Amino acid sequence: MLTVQNLHKAFGQQVIFDGVSLQLNAGDRYALMGPNGAGKSTLFKILRGLDFPDDGVVSFPRGVRIGYLPQETADIGEGTVLQETLSGEGDGESLTEKRAADAKKILMGLGFRVTDFDRSASAMSGGWRMRIAIARLLLQEPDLLLLDEPTNHLDLASLLWFQDYLQHSKSSILLISHDRAFVNAIVHGIWDLRDHKIFKYVGDYEKFLAVRAMEQEQVLAAYKKQQREIADAQEFINRFRAQAAKAPQVQSRIKMLEKMELIEIPPEVRKIKINFPQPSKTGVKILSLNGIVKSYGDTNVYDGLDFELERGQKVALVGPNGAGKSTLLKILAGVLPFEKGQRVLGLNVESGYFSQHRWETLTPGRTVIQEAMATRRMNPDLLVRTILGTFLFRDNAVFKKVDVLSGGEKSRLALAKLLLDPPNVLLLDEPTTHLDMASVDALIEALKDFEGTICFISHDLYFVNALANHVAHVDQGRAKLYTGNHDDFLRLSQRLSAAGPSLSVEKPLARPVQAGGPAWMKTGSDDLKRLREAERARSKRRKKLNERLRELESDIEDFNRQMGSVFIQSNYQKLMELDAGLKKCQKERDEVLVALRES
């Protein structure tokens, strides 16, 4: 499928690849890993023929079709969304109804509505044009997909659809992504780009980390052993250099040291630990939305929405594309007006809003470090540089001027500046998009320690599950709050779905009446009495089960409400007692659901 032999590439004095060799076979799926600036995107461009190595060979079998998705820009023409999706089908090829239908299914999976198909593609935002480019690639079904950060412009629902599509695709895949959960779901191997070479590992990202840690321990052990040998030899040389009787042994050790190939400790990708400054304290009630009405033209998004945040909550907004998650976040932040209703701030509450495109607060003439230091807090230089390093501004990059930064760099700087002087309520829209995995991990740990309140949107499932202690499901003009992370929310949804469409957390399961009435009405007189008694017993049992189900759902809701309280969360023993009670109720609830289905 793909063979690379002895690849060399440099930009001036900066060496990117030095003797890189690799092979990708049909059916292989690998993620290309490496620190920011290591050359991952450069390798993709070389593989696609958009850049050239200084030396080395890149070869593909004749007829192999390659699909390439760049990280930032998509080559989209002036046609409609559907026309641009179909434009990769080849010159002169008859576009069958089936291919048009396939294109529409893919577009809808990526979040487009039917009404979008005839819209001008060039008039859409950059993120939606990238989705068109993804749809076009998937429709082509290439032999090899080169995907450079393909999830950057997807929401969570579209990402999960895209992930499922790739899992069932026949294409070989090589991808660059900072999304750990996405990587683990797609690949079965890692290519690690470091020290200008590529090292191959089998397994997902978690296994790669474990193996790399073991390798680093082995290298460190070998380095320490060699250093002891060098010290012993040098001590012997210094001690007996002047003694003629020891001259042969001294010379032997000198030659040994001269020939010794020194073990170097590679630069470690250290687990970065950062601590953001903590915000001022607030009351328990943080922010309330009461009876919010919001429309865009004829499209009504919210008609009487009620929503509330409490101190200490870390709430992920989830829901289908177009449900109004970003609209809700902007209303919470106070940056988007609404037609009716109230936005009520709690005592001493100050909110801060971040989105990928909110750069207007940055001053173009300043350097990165000057901009980061320009806050109300007098943060020490070391803290500022550490946090900037976490957000990928390392070494001399802190002296770059704001006006020469890329969009992604401006986004990272805006987030870093917000967190260097954080308000007590953080409202974050896709905060991890332009970060690498190490930075995402550092951000998660810092936000876990953040003592304020967080409400956020993210398509990074790993980030959502690691940070969220509540999930707000936004759909059909409502925002319903659940305790737990996204996996907890999915498990609850699956249990309710398995129980049948009539079940919800508000409405207990009801057994549908059979067509034509119960069985005993169709039975002969000999069995009538027995069946009547059996039916009455079943009816009585179902009634008791439904009553118990209502009690359990009420208890579960009460447990969740208590566990969501900041006062309870600070009492570990009480929290453990509540958690045990919650799990017991959930287990009995599941048993009741099974009994109802079987009765």
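Structure's up top.
*Asks:* So what exactly am I meant to see when it comes to the overall build of the protein here?
*Replies:* What the protein contains, in helices and strands, is 18 helices and 18 strands. Sequence separation of at least 24 residues holds for 67% of the intrachain contacts in the protein that already meet a minimum separation of 6.

*Asks:* Even after reading the chapter, I still don't get the packing of aromatic side chains, so can you show me in this structure?
*Replies:* Across all of its chains, the model carries nine aromatic pairs by this definition. Ring plane angle 80 degrees and centroid distance 5.4 Å describe the contact between phenylalanine 456 and phenylalanine 463, whose orientation is recorded as edge-to-face. The class for phenylalanine 456 is buried, based on a relative accessible area of 1%. One aromatic cluster in this structure is built from Tyr201, Tyr205 and Phe208. Residue placement shows arginine 412 over the ring face of phenylalanine 393; its charged tip is 5.1 Å from the ring centre.

*Asks:* For this particular structure, what's the right way to read the pattern of salt bridges?
*Replies:* Oppositely charged side chains can pair when the atoms bearing their charge come close. For the coordinates displayed, the defined rule picks out 26 salt bridges. As a salt-bridge pair, arginine 366 and glutamate 371 come within 3.2 Å of each other at their nearest N and O atoms. The residue arginine 548 makes a salt bridge to glutamate 551 at a minimum N-O spacing of 3.0 Å. Residue arginine 548 and its partner glutamate 551 are located together in helix 16 (residues 528–563), separated by three residues, close to a single helical turn.

*Asks:* What is the right way to look at helix 11 (residues 381–390) in this model?
*Replies:* Since there are 3.6 residues in each turn of an α-helix, residues three or four apart along the chain are aligned in direction. Taken as a whole, helix 11 has its buried residues at Val384, Ile387, Leu388, Gly389 and Thr390. On its buried face, helix 11 is in contact with helix 10 (368–373), helix 12 (407–420) and helix 13 (437–449). Positive phi shows up at leucine 392, right after helix 11, with a value of about 75 degrees.

*Asks:* Would you mind going over the packing of helix 4 (residues 126–140) against helix 5 (residues 156–167) with me for this structure?
*Replies:* Packed helix pairs are characterised by how far apart their axes lie and by the angle those axes make with each other. Closest axis-to-axis distance for the helix 4/helix 5 pair is 12 Å, and the angle between their directions is 20 degrees. In terms of orientation, helix 4 and helix 5 fall into the roughly parallel class. In the packing of helix 4 onto helix 5, the handedness of the crossing is left-handed. Taking contact as the criterion, the partners of Arg131, Ile134 and Leu138 in helix 4 are, on helix 5, Ser158, Trp161, Phe162, Tyr165 and Leu166. Here the residues of the contact of helix 4 with helix 5 are counted per class, giving six nonpolar, one polar and one charged.

*Asks:* Looking at this structure, I do not really get helix 5. What am I missing?
*Replies:* Here helix 5 spans 16 Å end to end across 12 residues, near enough to the 16 Å set by a 1.5 Å rise per residue. Regarding helix 5, the residues found buried are Leu156, Ser158, Leu159, Phe162, Gln163 and Leu166. All buried residues of helix 5 fall inside an arc of 155 degrees around its axis, so they share one side.

*Asks:* Any chance you could explain the pairing of strand 7 (residues 172–176) here in plain terms?
*Replies:* Note on strand geometry: in a regular strand, side chains alternate between the two faces of the sheet. Counting buried positions along strand 7 gives five out of five residues, so the element sits mostly inside the fold. Side chains Ser172, Leu174 and Ile176 of strand 7 all project onto a buried face; the interleaved residues Ile173 and Leu175 project onto the opposite face, where all are buried too. In terms of strand pairing, strand 3 (residues 29–33) meets strand 7 through three bridges, oriented parallel. Looking at strand 7, one finds that arginine 29 is bridged to isoleucine 173.

*Asks:* Where do I start with the packing of helix 11 against helix 12 in this structure?
*Replies:* Across the interface, helix 11 lies against helix 12 with an axial gap of 10 Å and an inter-helix angle of 140 degrees. Seen along the crossing, helix 11 lies across helix 12 with a hand that is right-handed. Within the contact between the two elements, helix 11 uses Leu383, Val384, Ile387 and Leu388 and helix 12 uses Leu413, Ala416 and Leu420. Per-class residue counts for the contact of helix 11 with helix 12 are seven nonpolar, no polar and no charged.

*Asks:* How do you make sense of the environment of glutamine 278 when you look at a structure like this?
*Replies:* Within the fold, glutamine 278 resides in the loop between helix 8 (247–259) and strand 10 (285–296). Sequence-wise, glutamine 278 and phenylalanine 450 are 172 residues apart; in three dimensions their C-alpha atoms are separated by 6.4 Å. When near neighbours in sequence (up to four residues on either side) are disregarded, glutamine 278 contacts Arg377, Asp449, Phe450 and Glu451. A distance of 3.0 Å separates a polar side-chain atom of glutamine 278 from the backbone oxygen of aspartate 449.

Quick notes on the rules
- Residues numbered from 1 in each chain as written.
- Predicted model: local features only at pLDDT ≥ 70, side-chain atom pairs only at ≥ 80, totals over all residues.
- Heavy atoms only, no water.
- Helix = DSSP H or I, 4+ residues; strand = E, 2+ residues; numbered from the N terminus.
- Contact = heavy atoms within 4.5 Å.
- Phe/Tyr/Trp six-rings, centres within 6.5 Å; stacked < 30°, edge-to-face > 60°.
- Buried < 20%, exposed > 50% of the residue type's maximum accessible area, 1.4 Å probe, protein only.
- Lys NZ or Arg CZ within 6 Å of the ring centre and 35° of its normal.
- Salt bridge = Lys/Arg side-chain N within 4 Å of Asp/Glu carboxyl O.
- Axes fitted to C-alpha atoms, helices over the stretch in contact; angles between N-to-C directions.
- Parallel < 35°, antiparallel > 145°, perpendicular 65-115°, else oblique.
- Left-handed = near helix turned anticlockwise from the far one by under 90°.
- Nonpolar A, V, L, I, M, F, W, Y, C, P; charged D, E, K, R; others polar.
- Expected span 1.5 Å × (residues − 1).
- Arc of directions from axis to C-beta.
- Pairing = 2+ DSSP bridges.
- Polar contact = N/O pair within 3.5 Å; in protein donor to acceptor, adjacent residues only side chain to side chain.

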